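Spelled out from the first residue to the last, the chains are:
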Amino acid sequence: YFFMIPTRVHRFAIYRCNFGRPVIMAISIVDKLSWKMPVSVQNEAISQILSTDDFDWNSLILPYGKKDSWQNCAVVLARLSNDTIKLLVNNLMAWFQDANWPGTEIIADRLKSLPPEVLSNAVLPAKRRATETNDSDWSDHLEYYFGSKE
């Protein structure tokens, strides 16, 4: 059994197992975005990511095994400039494979603020991929959020 002990160490948290020995485990910045973390930790992580010049923004697009962080990943991505979002827009289309995924509404609202031609150039290939993979849910979600971009 593990429980978290508050600590000031930047990337690590100290846990204690039921044997009483401390175990140090790395906590990534994406882990700090989890809805399981205190709100203050989540907000600090959001600020820290947004203040990083060379952050790998793609690492915030549906990070594997971290669904509890997706909502805050979407919050961070939604705050990026149009120039940066344009570089990510094709990868962001994966978010619409399931409309119930945390952050979907945030990403949809942010993408709708892009110039229509940029959005269309991302939605059409995503719809083609959805059709090719027989993913009718994905296709329906793209249609629901972005309409017909034909």
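Let me sum up the structure you'll find in this document. As the structure is a computational prediction, the values presented were derived from the model and not from experiment.

For helix 6 (residues 136–146), every residue scored as buried is listed here: Trp138, His141, Leu142, Tyr145 and Phe146. One side of helix 6 holds all its buried residues, which, seen down the axis, span an arc of 100 degrees. Against the buried residues of helix 6 lie helix 4 (104–112) and helix 5 (116–132). Immediately beyond the C-terminal end of helix 6, within one or two residues, lies Gly147, with a positive phi of roughly 70 degrees.

Before going further, it helps to examine the pattern of salt bridges. All chains considered together, the criterion is met by three salt bridges. Note that Asp68 and Lys36 form a salt bridge whose closest N and O atoms lie 3.8 Å from each other. Pair noted here: Asp68 is in the loop between helix 1 (39–50) and helix 2 (70–78) and Lys36 is in the loop between strand 3 (22–26) and helix 1, with a separation of 32 residues, a long-range link. The class of Asp68 is buried, set by a relative accessible area of 17%. Ionic pairing is found between Glu143 and Lys127, a salt bridge with its closest N-O pair at 2.8 Å. Here Lys127 lies in helix 5 and Glu143 lies in helix 6, a separation of 16 residues in the sequence. The class for Glu143 is partly exposed, based on a relative accessible area of 38%.

The rules behind each value
Positions within a chain are numbered from 1, following the residues in the order the chain's sequence is written. Two thresholds apply to this predicted model, a pLDDT of at least 70 for residue-level local features and 80 or more for giving and counting side-chain atom pairs, whereas whole-chain, interface and lining totals are computed over all residues. Neither water nor hydrogens contribute to the side-chain values; these are computed over all heavy atoms in the structure. Three exposure classes are used, based on accessible area relative to the maximum for each residue type with a 1.4 Å probe and protein chains only: buried under 20%, partly exposed in between, and exposed over 50%. The helix count covers DSSP runs of H or I at least four residues long, the strand count covers runs of E at least two residues long, and both are numbered beginning at the N terminus. Taken from the helix axis, the directions to the C-beta atoms give the arc we talk about. Contact criterion: two residues are considered in contact whenever any of their non-hydrogen atoms come within 4.5 Å of each other. One speaks of a salt bridge when a side-chain nitrogen belonging to Lys or Arg is within 4 Å of a carboxyl oxygen belonging to Asp or Glu.

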